[in-house]
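# Analysis of the macromolecular model
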Amino acid sequence: MARYETGFEDGRRLLRGKPERLAYGLLAAALIAAPWVLPAYHIGEATFILIMCVASLGLMMLTGFTGQVSLGQSAFVGIGAYIHTILLTQGVPLPVSLLLTTAGAALGGLLVGMPAIRVSGLHLAMVTMAFAIVCEHVLGRWKSVTGGHSGMAVPDPTLFGLSLGGPRAFYFLCLVVLAVVLLLLVNLMRSATGRAFIGIRDSEAAAQGLGIDVARTKVLAFSLSAACSGLAGALLAHQMQHITPEAFGLALSLQLVLMVFIGGLGSLRGAILGAILIGLLPSFISSLKEALPARLGAQFGLELFVYGAVLTFFVLLEPGGLNARWVRIRKVLAEFPWVRKSSIHQTKVYMKSERYR
């Protein structure tokens, strides 16, 4: 039976050896120490990346593992942001609000997933994109609840009377949420449900023949993906401090799709790496504008050009994404200095549509 790379090993143990335990220990120490050494601006940028990691993990569950294309994740992020803001405004405690927001977004994913599973491919992408557009218009016109296009102010997060609104405290809140979500998804992918997701992605007919309830599993994937996106939306609301419908448009959905594709489909690690890269691109583009001549830096569309160039690079040179590159680098380091040229070649993984060519 084939083994699948989820990005965090799919074996009986999550950390399989001393080098791996040491590497993840150093990573955890660096993440904990980061807000104590970075200036406030960079802490805010790191916090935004952590939030995008949560949203990217949600889309990876749907697209990377189940094979369902979605261009409507921004709608669930927006739903989560508004539900969380309304609950906090009504005096609901932060932990309860986060749980209710996650449940509300999951319910939204269930309602969208039940009719959406009847289509697939491009048609599913169009359905989810239409849902995102409709959701943005509803948020903009439902003034009595959402404040319309004027938006809503987001209360500061407080936990047991302690304010988490500062850059450092909010960073740790997002880090804890990301760690919990990642741990839950890692264990989910090691379970029968995770293997069912992968089976449906590879062949729905084969999965049906093995006794997997394809429709139920697809709807479950939609719900889990929406739940993660809604939770990310709740955190993003605090990051923005004032939310408007325009912040949850198609541009956000496309960014999430780029994170998943560039990171590497079918990999939780890839979702993290893709979120880091796409999250850092706005700062890179700002620096690029300052370095370019004023006439070029002021040109409209520079951001689209950079995003397109990054996507083209990965499509042509690294279709497996950042995770595939990391796996090859890790293999080279493990075999160093006795590295054979053949050992660094990537094994071809055929998509469903390529198997019968």
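Residues numbered from 1 in each chain as written. Predicted model: local features only at pLDDT ≥ 70, side-chain atom pairs only at ≥ 80, totals over all residues. Heavy atoms only, no water.

Here we come to the overall build of the chain. Tallying secondary structure elements over the chain gives 15 helices and four strands in all. Counting all 357 residues of the chain, 43% fall into the buried class. Excluding contacts between residues fewer than 6 apart, the proportion of contacts in the chain whose partners are at least 24 apart in sequence is 76%. Summed over its atoms, the accessible surface of the chain is roughly 18900 Å², and 69% of this surface lies on carbon and sulfur atoms. (Helix = DSSP H or I, 4+ residues; strand = E, 2+ residues; numbered from the N terminus. Buried < 20%, exposed > 50% of the residue type's maximum accessible area, 1.4 Å probe, protein only. Contact = heavy atoms within 4.5 Å. Areas by Shrake-Rupley, 256 points an atom, 1.4 Å probe, with all protein chains shown as cover.)

This part takes up helix H8 (residues 192–202). Gly194, Ala196, Phe197, Ile198, Ile200 and Asp202 are the residues of H8 that are buried. Those residues of H8 that are buried lie in contact with helix H2 (40–65), helix H7 (167–189), helix H9 (204–209) and helix H10 (214–240).

This part is about the pattern of salt bridges. This model, assessed by the stated rule, comprises two salt bridges. Close ionic contact of Asp202 with Arg201 constitutes a salt bridge, the shortest N to O distance being 3.2 Å. Arg201 gets classed as partly exposed once you look at its relative accessible area, which sits at 21%. Across the salt bridge formed by Lys218 and Glu204, the nearest N and O atoms sit 2.7 Å from each other. Taken together, the residues Lys218 in helix H10 and Glu204 in helix H9 connect sequence positions 14 residues apart. Looking at Lys218, the relative accessible area reads 4%, which means it is buried. (Salt bridge = Lys/Arg side-chain N within 4 Å of Asp/Glu carboxyl O.)

If you look at the biggest cluster of nonpolar residues, it comprises 79 residues, and the most contacted ones within it are Leu57 and Leu268. Looking at this core, the element that brings in the most residues is H2, giving 14 residues. Core analysis: the second largest hydrophobic core is formed by five residues, Ala196, Ile200, Ala207 and Val214 among them. (Core = buried A, V, L, I, M, F, W, Y, C linked by side-chain atoms within 4.5 Å.)

Moving on to unusual backbone geometry. A positive phi is found at Gln241, a non-glycine position, where the angle reads about 70°. Its location among the elements puts Gln241 in the loop between H10 and strand E4 (242–243). Judged by its relative accessible area of 52%, Gln241 falls in the exposed class.

Right, let's get into the confidence of the model for the chain. Per-residue pLDDT for the chain averages 83, and the proportion of residues at 70 or more is 87%. Confidence over residues 1–5 falls short of pLDDT 50; this stretch has twelve contacts with residues more than four positions distant or in other chains. (pLDDT = per-residue confidence, 0-100.)

Aromatic rings in a pair are described by how distant their centres are and how their planes are angled relative to each other. Summed over all chains, the structure comprises five aromatic pairs. Judged by centre distance (5.5 Å) and plane angle (80°), the ring pair of Tyr171 and Phe172 falls under edge-to-face. Residue classification places Tyr171 among the buried residues on the basis of a relative accessible area of 3%. Classification of Phe172 by relative accessible area gives partly exposed; the value is 23%. Three or more aromatic residues link up through ring pairs in this structure, and these residues are Trp36, Tyr171 and Phe172. (Phe/Tyr/Trp six-rings, centres within 6.5 Å; stacked < 30°, edge-to-face > 60°.)

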